[in-house]
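Now for the letters of each chain:
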Amino acid sequence: MKLVLLTALGVGGATVIGSVLGFIFKKISHKFSDIVLSFAAGVMLAAAVLGLVLPSLDYGGKYGLAITIAGIFAGALCLNLIDKLVPHLHKLVGADGEAHNNANLSRVLLFVTAIAIHNLPEGIAAGVGFGSGDNAQALIIAGGIALQNIPEGMVIIGPMLAAGVSPKKTFVCAMITGVVEVIGTLIGYFAVSVASAILPFALAFAGGTMLYVISDEMIPETHAHGSQRGATYALLVGFCIMLVTDVLLG
């Protein structure tokens, strides 16, 4: 339990670390941001497949394939529903990464809410990984999510400051999005620990949410500013590093 709690704090804290970097480096180039985010996408892709989807098949037994497929689509549909109920990141942030001139406090709050809600299933994915009992694999999953949270934390800062929110309140809002991820991690862990029967579905569900985020959020974002070639190779590097890590730990 101590390891789970420390990991939850680390996953949520990664958003805060990214926010601090956002204050320090306010003029980060799109190319650098895209490369880092693509690398994180590769790590998350490997973590989703190796740490969540494949274990779901193993734990599912006779109906493992059906349970895994159902779980993947359930996770994706859940985030798709969230996207329809809350404002999407790209609807509130301009192509240059800065908030639109007419942005106001209510729009900023919606922007932060959207990120926070997206963080919840990511946290659940980290917690579910620990519920499987494979701590090494769970740490890999959590590490991939944490890597993704750093650039996400960085992009929170600019739009909020541009909307007139004070640096102190901006940092507090960034911390809240990280806390949501901590809560999600604990929810995922306890849910699977209490009801081990749902483990195969929960693993696939978490994998589906991660695959959805990668395809719907991360890859389009990293290919939108002319750095798609470098972003593609960065994704492959991230995926292969996780693959090597998985083989060595296995």
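For the structure, check the block above.
Residues numbered from 1 in each chain as written. Predicted model: local features only at pLDDT ≥ 70, side-chain atom pairs only at ≥ 80, totals over all residues. Heavy atoms only, no water.

Participant: Is there a simple way to think about the overall build of the chain in this case?
Facilitator: Of the regular secondary structure elements, the chain holds 9 helices and 0 strands. Going from N to C terminus, the chain has its helices and strands arranged as α-α-α-α-α-α-α-α-α. A fraction of 85% describes how many contacts in the chain between residues 6 or more apart in sequence connect residues 24 or more apart. When the accessible surface of the chain is totalled, it reaches about 11,600 Å², and 72% of it is carbon and sulfur. (Helix = DSSP H or I, 4+ residues; strand = E, 2+ residues; numbered from the N terminus. Contact = heavy atoms within 4.5 Å. Areas by Shrake-Rupley, 256 points an atom, 1.4 Å probe, with all protein chains shown as cover.)

Participant: I tried to follow the packing of aromatic side chains on my own but got confused; where do I start?
Facilitator: What describes a pair of aromatic rings is the distance from one ring centre to the other and the angle between the planes of the rings. Under the definition given, this model contains 2 aromatic pairs. Seen from their ring centres, Tyr189 and Phe190 are 5.3 Å apart, and the 65 degrees between their planes marks the pair as edge-to-face. For Phe190, a relative accessible area of 41% corresponds to the partly exposed category. With centroids separated by 6.3 Å and ring planes inclined at 35 degrees, the aromatic side chains of Phe201 and Phe205 adopt a geometry described as tilted. Of this pair, Phe201 and Phe205 both sit in helix α8 (residues 199-222), separated by 4 residues, roughly a single helical turn. On the accessibility criterion, Phe205 (21% relative accessible area) is partly exposed. (Phe/Tyr/Trp six-rings, centres within 6.5 Å; stacked < 30°, edge-to-face > 60°. Buried < 20%, exposed > 50% of the residue type's maximum accessible area, 1.4 Å probe, protein only.)

Participant: Before we go on, may I ask you to explain the side chain of Ser227 in this structure?
Facilitator: Its location among the elements puts Ser227 in the loop between α8 and α9 (228-249). Residues within four places of Ser227 in sequence aside, it is in contact with Lys31, Asp34 and Thr222.

Participant: Would you take a moment to explain the nonpolar core for this structure?
Facilitator: General note: in soluble globular proteins, nonpolar side chains tend to be found buried as a group. In this structure, Leu52, Ala125, Ile141, Ile145, Met210, Met218 and Met242 are the most contacted members of the largest nonpolar core, which totals 33 residues. Those elements that place two or more of their residues in this core are α2 (30-60), α3 (64-85), α5 (105-131), α6 (135-162), α8 and α9. The element contributing the most residues to this core is α2, with 10 residues. Residues contacting Ala125, with those up to four places away along its chain left out, are Leu52, Ile141, Ile145, Ala206 and Met210. Membership of the second largest hydrophobic core comes to 5 residues, among which are Ile115, Ile156, Val165 and Cys173. (Core = buried A, V, L, I, M, F, W, Y, C linked by side-chain atoms within 4.5 Å.)

Participant: Can you help me understand α8 in this one?
Facilitator: One turn of the α-helix equals 3.6 residues, which is why residues spaced by three or four share an orientation. The end-to-end C-alpha separation of α8 is 33 Å, in line with the 34 Å expected for 24 residues at 1.5 Å each. Along α8, the sharpest kink reaches roughly 35 degrees, centred on Ile214. (Expected span 1.5 Å × (residues − 1). Bend = angle between axes of the 7 residues up to and from the residue.)

Participant: I tried to follow the packing of α2 against α8 on my own but got confused; where do I start?
Facilitator: At a minimum axis distance of 8 Å, the contact between α2 and α8 shows a crossing angle of 160 degrees. Put simply, α2 runs roughly antiparallel to α8. Regarding α2 and α8, the two cross each other, and that crossing is left-handed. (Axes fitted to C-alpha atoms, helices over the stretch in contact; angles between N-to-C directions. Parallel < 35°, antiparallel > 145°, perpendicular 65-115°, else oblique. Left-handed = near helix turned anticlockwise from the far one by under 90°.)

Participant: Teacher, can you tell me more about the packing of α2 against α3 here?
Facilitator: For any two helices packed against each other, one specifies the inter-axial angle together with the distance between the axes. Packing of α2 against α3 brings their axes to within 7 Å, and their N-to-C directions diverge by 140 degrees. Taken together, the axes of α2 and α3 are oblique relative to one another. Seen from above, α2 lies across α3 with right-handed handedness. Along its contact with α2, which presents Val53, Ser56, Leu57 and Gly60, the element α3 presents Gly64, Leu65, Ile67, Thr68 and Ile72.

Participant: How do you make sense of the environment of Leu6 when you look at a structure like this?
Facilitator: Inspection of the secondary structure assignment puts Leu6 in helix α1 (residues 2-24). On a C-alpha basis, the gap between Leu6 and Val182 in space is 9.5 Å, while along the polypeptide they are 176 residues apart.

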